[in-house]
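Here is how the chains run, residue by residue.
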Protein chains: 2
Amino acid sequence: MSAHSREIAAMDDAALNIDALMAEMGVNARAGAEALRLASAETRTAAIRGMAAAVRSRADAILAANAEDCAAGRQAGLPAAMLDRLALDPGRLEGIARALDEVAAIPDPLDTVIAEWTRPNGVHIARVRTPIGVIAMIYESRPNVTADAASLCVRSGNAAILRTGSECLRSALAIHAALEDGLAAAGLPASCVQIVPVADRAAVGAILSGLNGAIDLIVPRGGKGLVDRVKAEARAPVLGHNEGLCHIYVDASADLAKATPIVLNGKMRRVTVCQTTETLLVDRAAAERLLPPIAKALLEAGCELRGDAAARAIVPAMAPASEEDWVTEYLAAILSVAIVDGVAGAIAHIRRYGSGHTDAVVGEDAAVLDAFTRGVDSAVVVVNASPQFSDGGEFGFGAEIGVATDKLHARGPVGAEQLTTFKYLVRGAGQTRA
Amino acid sequence: MSAHSREIAAMDDAALNIDALMAEMGVNARAGAEALRLASAETRTAAIRGMAAAVRSRADAILAANAEDCAAGRQAGLPAAMLDRLALDPGRLEGIARALDEVAAIPDPLDTVIAEWTRPNGVHIARVRTPIGVIAMIYESRPNVTADAASLCVRSGNAAILRTGSECLRSALAIHAALEDGLAAAGLPASCVQIVPVADRAAVGAILSGLNGAIDLIVPRGGKGLVDRVKAEARAPVLGHNEGLCHIYVDASADLAKATPIVLNGKMRRVTVCQTTETLLVDRAAAERLLPPIAKALLEAGCELRGDAAARAIVPAMAPASEEDWVTEYLAAILSVAIVDGVAGAIAHIRRYGSGHTDAVVGEDAAVLDAFTRGVDSAVVVVNASPQFSDGGEFGFGAEIGVATDKLHARGPVGAEQLTTFKYLVRGAGQTRA
């Protein structure tokens, strides 16, 4: 056997091993799902509280693992923003533990009667909330997501198969050990929350195959490339969390005292979150009045502006925007600016370039607001408020694993309740159908 | 060019033409979806009423087209049950028109506020029902489904792309002409409801590709082979309507006066519908008392029984059941019978062999009923009533396009409301996020 064919054989072996490992995780996950489905709310709460406690007691090990991830990341030349998302310190780790405590405190969604009614024949029908089963999460290299995703799955009675970005694997494994402690403390098996223990990308392919039907739902989080690949290849249902290409439209009827702070907050409160505004649309009919003060506030806050020709004619301090700018999620202190012909022009721009995440209108004319809320078919449509409110915490859902940009099952912020399904319970006293 | 390569070139041409045709249907459907999304409830109601009127006024043409389908089907040697489902007569056609009238009368699901709340900062959040967009239905050769699917889509504000079984194409096209009349009468474009006008199976592949993102949801109806293929290959979300492998478990605590009519009704009321009982499970602890009278009633009603060894020891009139019988959707007057060890044995059998559609328990012991309703994770779980109630009409939903057996988005009977999604409307008075 040549060295080359030995190498290929070894690669085949590794591929086989990954597939076998993933198939076993699928079988385990079904057992975990069964245990969670039959566990009481109290047991699941105890597990999440135990996870929080174990994150605190394992702080040294987690921070040490994270230091290794960060060192490797620096050596690999990861961008500064990515290194920042990767890094933990005692404060951030306590934030992870506190987030677990918060999920433990979310009202349990299971067994809730969503609707019930009695038919004329006396048959009673109830729609009762139940877990989905096994949820596979594929996410970026952020240590907190491992804990957030696991706890939301346990809160909603679902077994989790977690696959973190490879840059974060050591941190995620150390956090996962704490999650297992929490499950054990509540008498739940480790199969309730599993993590892919290797960086091998073949694991993603295995998850997309559905693991022989073991996976009920795949939740991809991250860049458009990942989400699009998952949607194209997955043989299980997908709850996609796509990028946020979010707009604010300022209508001629807008009150400038609302518009300026809303645009400033929408763009600059936190530029790296998905609901951050990336494009400002201004009504041509009042652009001369509205744009200069808004642009001034943004420029003073350190925001780079890239405008179309009409915008630059009003505010020459803007760089020119190219077609590429309308489809770019900057996640940075950059805002593209277009002048549009009224609410119809704004709707057309958003439908053409938006990602269906969060779009906002600022205005006082009720007909304009109505046209906007009807015409824009995004998960979250905001009127006269900052689009930065578009997340689970601000909606009152507690924690979330992201903002779903698809239309099926769940849309907008995805918290514990959005990770459930339901079944119908039909109760009678011997009724038969004619 | 050889005859063979000319043939291949012609096939390629045909394939290209189908792909081009389907791509054009996708573009049209998006325009139709936009028209429906902005149309009022009254307009959509008028369209459905217009469809009913046109089905009546076009009765002769529809019946003539159907006669051609039936003649071709007889010549092709279609099975009698399939020919029966294919055939129309004036009475059945009036049934289709009446079903359209009923869908027109369903309360409009759109713009309903599903939930609303005000956050401490005064921001008001409402979850409002909206259409999904473009729904592609792939279904069997039944003329009524073309009208049912189209009207439910229009009621829920979705554009429809319909693909019927080829045996029914002439009938479906004749009915579709009536549906277009209805749309035109209400001022809606024909792009709201399109039908694939050719029998070419390549059309199914094109639909599964998602038509360049034009399709928001694929709804397959029919055999397990079709539904499984759609789930495996679709590049758009799927709402699967799988077969019904439905069980009734009769517990030792059962009241025989309820059990016998429920089993008889569950199996024999109508044997060709998906919620028909295919397997009877009887508690070993009371099988000697319960099984003989139930079996007697079934045999007298003309039902063939196939039992496991324990069941045949009690009722020797049964044929032996093979492993195949536990996974066979007979849709005929045949029932498989197994003796199980209490409710745990029943749950284990159902989880192993069931299709997650509808499963029932008959018993008086509250602990058993609770164990069954928790342990059986099917879309519809029935207690002490006939599982034949498991359909949209009996649930009070009005018309339905089927019973969904997946867990995402919708489960159980799928009517107009289940074909909607929602968006969040967030309204403020200038609030920004801290």
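Residue indices begin from 1 for each chain and proceed along its sequence in written order. Each chain is given a letter, starting from A, and each ligand a number, starting from 1, according to the order in which they appear as written. Thresholds applied to this predicted model are a pLDDT of at least 70 for local features of residues and 80 or more for the giving and counting of side-chain atom pairs; totals over whole chains, interfaces and linings are not thresholded and use all residues.

### Some remarks on the overall build of chain A
Note the threshold: Only runs of H or I of at least four residues qualify as helices and only runs of E of at least two qualify as strands under DSSP, and these elements are numbered from the N terminus. Radius of gyration means the value over C-alpha atoms here, while the globule rule gives 2.2 Å times the residue count to the 0.38 power. In this scheme every C-beta is placed from the backbone, and a residue whose C-beta has 20 or more other C-beta atoms within 10 Å is buried, one with 12 or fewer is exposed, and one in between is partly exposed. For the purpose of contact definition, each residue receives a C-beta atom placed from its backbone, and two residues are in contact when these atoms lie within 7 Å.
Secondary structure assignment for chain A yields 15 helices and 16 strands. In terms of overall size, chain A behaves like a compact globule, its C-alpha atoms giving a radius of gyration of 24 Å where 434 residues would be expected to give roughly 22 Å. Each of the 434 residues in chain A was classed as buried or not, and the buried ones make up 53%. In chain A, 72% of the contacts between residues at least 6 apart in sequence involve partners at least 24 apart.

### Focus on the nonpolar core
Side chains that are nonpolar tend, in soluble globular proteins, to be buried together. What counts is decided by this rule: For our purposes the nonpolar core covers buried Ala, Val, Leu, Ile, Met, Phe, Trp, Tyr and Cys residues that link as a set through C-beta atoms within 7 Å.
Formed by 261 residues in total, the largest nonpolar core has its most connected members in Val55(A), Ile207(A), Ile218(A), Val55(B), Ile207(B) and Ile218(B). Every residue in contact with Ile207(A), bar those within four places of it in the chain, is listed here: Met22(A), Ala136(A), Ile138(A), Ile161(A), Arg163(A), Ile215(A) and Ile218(A).

### Considerations on the interface of chain A and chain B
Worth spelling out the cut-off: All residues other than Ala, Val, Leu, Ile, Met, Phe, Trp, Tyr, Cys, Pro, Asp, Glu, Lys and Arg, Gly among them, are scored as polar; the first ten of these are nonpolar and the last four charged. Pairing between strands is defined by DSSP: at least two bridges between the two strands are required.
Contacts between chain A and chain B engage 53 residues on the former and 53 residues on the latter. Element by element, the count of residues in the side of chain A that touches chain B is highest for strand E16 (residues 420-431) of chain A, at 11 residues. Class assignment of the residues belonging to the side of chain A that touches chain B gives a composition of 24 nonpolar, 16 polar and 13 charged. Bridge count for E16(A) against strand E13 (residues 380-385) of chain B is five bridges, and the pairing is parallel. Following the sheet pairing, Gln431(A) is matched in E13(B) by Ala385(B).

### Some details on the packing of helix H6 (residues 143-155) of chain A against helix H7 (residues 169-185) of chain A
Residue and element names in this part refer to chain A. Here is the rule: Every axis in this analysis is a line fitted to C-alpha atoms, fitted for helices over the stretch in contact. Angles between the N-to-C directions lie between 0 and 180 degrees. In what follows, roughly perpendicular refers to angles from 65 to 115 degrees, roughly parallel to angles under 35, roughly antiparallel to angles over 145, and oblique to any angle outside these ranges. Crossings are sorted by hand: turned counterclockwise from the far helix by less than a right angle, the near helix makes the crossing left-handed, and turned clockwise it makes it right-handed.
Two elements in contact, H6 and H7, have axes separated by 8 Å at closest approach and are oriented at 30 degrees. The angle between H6 and H7 places the two elements in the roughly parallel class. When the axes of H6 and H7 are compared, the crossing they make is right-handed. Here Pro-143, Thr-146, Ala-147 and Ala-150 of H6 come into contact with H7, specifically with Ser-171, Ala-172, Ile-175, His-176 and Leu-179.

### A word on the sheet that holds strand E4 (residues 159-163) of chain A
Residues and elements named next belong to chain A. Strand order across the open sheet formed by four strands is E5-E4-E3-E6, with parallel pairing between neighbours. Only two strands of the sheet have a single partner each, and these edge strands are strand E5 (193-195) and strand E6 (217-220). If you compare each strand with its neighbour and ignore which way they point, the axes differ by 20 degrees on average. Pairing of strand E3 (residues 134-138) with E4 involves five bridges; the strand directions are parallel. Paired with Ala-136 across the strands is Ile-161, a residue of E4. Sheet strands touched by H6: E3, E4 and E5. Its angle to E4, the strand with the most contacts, is close to 165 degrees. Packing against the sheet, helix H9 (residues 224-233) makes contact with E3 and E6, and its axis sits at approximately 160 degrees to E6.

### Digging into the domain arrangement of chain A
Size of an interface, as often reported, equals the accessible area lost when the parts are brought together. Note the cut-off: Segmentation into domains, and thus their bounds, comes from an automatic or database assignment.
Splitting chain A by domain gives domain 1 (11-242) and domain 2 (246-392). Distance between the C-alpha centres of domain 1 of chain A and domain 2 of chain A: 35 Å.

### Re the relation of the copies chain A and chain B
The operation relating the two chain copies consists of a rotation about an axis and a shift along that axis. How we decide: Copies overlap after least-squares fitting; the atoms used are the C-alpha atoms of residues with pLDDT of at least 70 in both.
Between the two copies, chain A and chain B, the superposition gives an RMSD of 0.0 Å; the rotation angle is 180 degrees and the shift along the axis is 0.0 Å. Each copy turns onto its partner about a two-fold axis. Closest approach to the rotation axis within chain A is made by the C-alpha atom of His409(A), at a distance of 1.8 Å. Of the interface residues in chain A, 100% have counterparts in chain B that sit at the interface too, so the contact is made through matching surfaces.

### A word on the sheet that holds strand E3 (residues 134-138) of chain B
Residues and elements named next belong to chain B. Across the sheet, which stays open at both edges, the four strands sit in the order E5-E4-E3-E6 with parallel pairing between neighbours. Among the strands making up the open sheet, the edge pair consists of strand E5 (193-195) and strand E6 (217-220). With strand direction ignored, the average angle separating the axes of adjacent strands in the sheet is 20 degrees. Pairing of E3 with E6 involves four bridges; the strand directions are parallel. Across the sheet, Ile-135 pairs through a bridge with Leu-217, a residue of E6. Lying over the sheet, helix H6 (residues 143-155) contacts E3, strand E4 (159-163) and E5, oriented at roughly 165 degrees with respect to E4. The sheet strands contacting helix H9 (residues 224-233) are E3 and E6, and the helix crosses E6 at an angle near 160 degrees.

### A word on the environment of Ile135(A)
Residues and elements named next belong to chain A. Considering the arrangement of structural elements, one finds Ile-135 in strand E3. Among the residues examined, Ile-135 registers 26 C-beta atoms within 10 Å and is labelled buried. Expressed as a C-alpha distance, the spacing of Ile-135 and Gly-302, which sit 167 residues apart in the sequence, is 41 Å. Beyond its immediate chain neighbours, meaning those up to four positions away, Ile-135 contacts Cys-153, Asn-158, Ala-160, Asp-216, Leu-217, Val-219 and Leu-419.

### Section: the confidence of the model for chain A
Defined as follows: For every residue, the predictor assigns a confidence score, pLDDT, that lies between 0 and 100.
Confidence along chain A averages 93 in pLDDT terms, with 96% of residues attaining 70 or more. Contacts from residues 1-11 of chain A, a stretch scored under 50 in pLDDT, to residues over four places away or in other chains number one contact.

### As for the environment of Pro293(A)
Structurally, Pro293(A) can be placed in helix H11 (residues 287-300). Dropping the residues within four chain positions of it, Pro293(A) is found in contact with Leu256(A) and Thr260(A).

### Observations regarding the pairing of strand E9 (residues 304-307) of chain A
Residues and elements named next belong to chain A. Put simply, the rule is: Seen with the strands pointing away from the viewer, any crossover whose path from the first strand over the helix to the second strand runs clockwise is right-handed.
Note: E9 against strand E11 (residues 334-340), four bridges, orientation parallel. Its bridge partner lying in E11, Leu-305 is registered against Leu-335. The pairing of E9 with strand E10 (residues 319-320) spans two bridges and is classified as parallel. Each bridged residue has a counterpart across the sheet, and for Gly-307 the counterpart in E10 is Pro-320. Handedness of the crossover joining E9 and E10 through helix H12 (residues 309-314) is recorded here as right-handed.

### Focus on helix H14 (residues 342-353) of chain B
Residues and elements named next belong to chain B. Let me state the cut-off plainly: One less than the number of residues in a helix, times 1.5 Å, gives the span that helix is expected to have. The arc in question is the one spanned by the directions pointing from the helix axis to the C-beta atoms.
Between its first and last C-alpha atoms H14 spans 17 Å; for 12 residues at 1.5 Å apiece the expected length is 16 Å, and the two agree. Considered for burial, the residues of H14 that qualify are Val-343, Ala-346, Ile-347 and Ile-350. Each buried residue of H14 lies within a common arc of 100 degrees when the element is viewed along its axis, so the set occupies one face. Where H14 is buried, its residues touch strand E7 (246-250), strand E8 (277-283), strand E11 (334-340), strand E12 (358-362) and helix H15 (366-375).

### Topic: unusual backbone geometry
Residues and elements named next belong to chain A. Phi is positive for Leu-211, close to 50 degrees, though the residue is something other than glycine. Relative to the helices and strands, Leu-211 is located in the loop between helix H8 (202-208) and E6. In this structure Leu-211 comes out as buried when scored by C-beta crowding, with 23 C-beta atoms within 10 Å. Phi at Asn-212 takes a positive value of approximately 55 degrees, unusual for a residue other than glycine.

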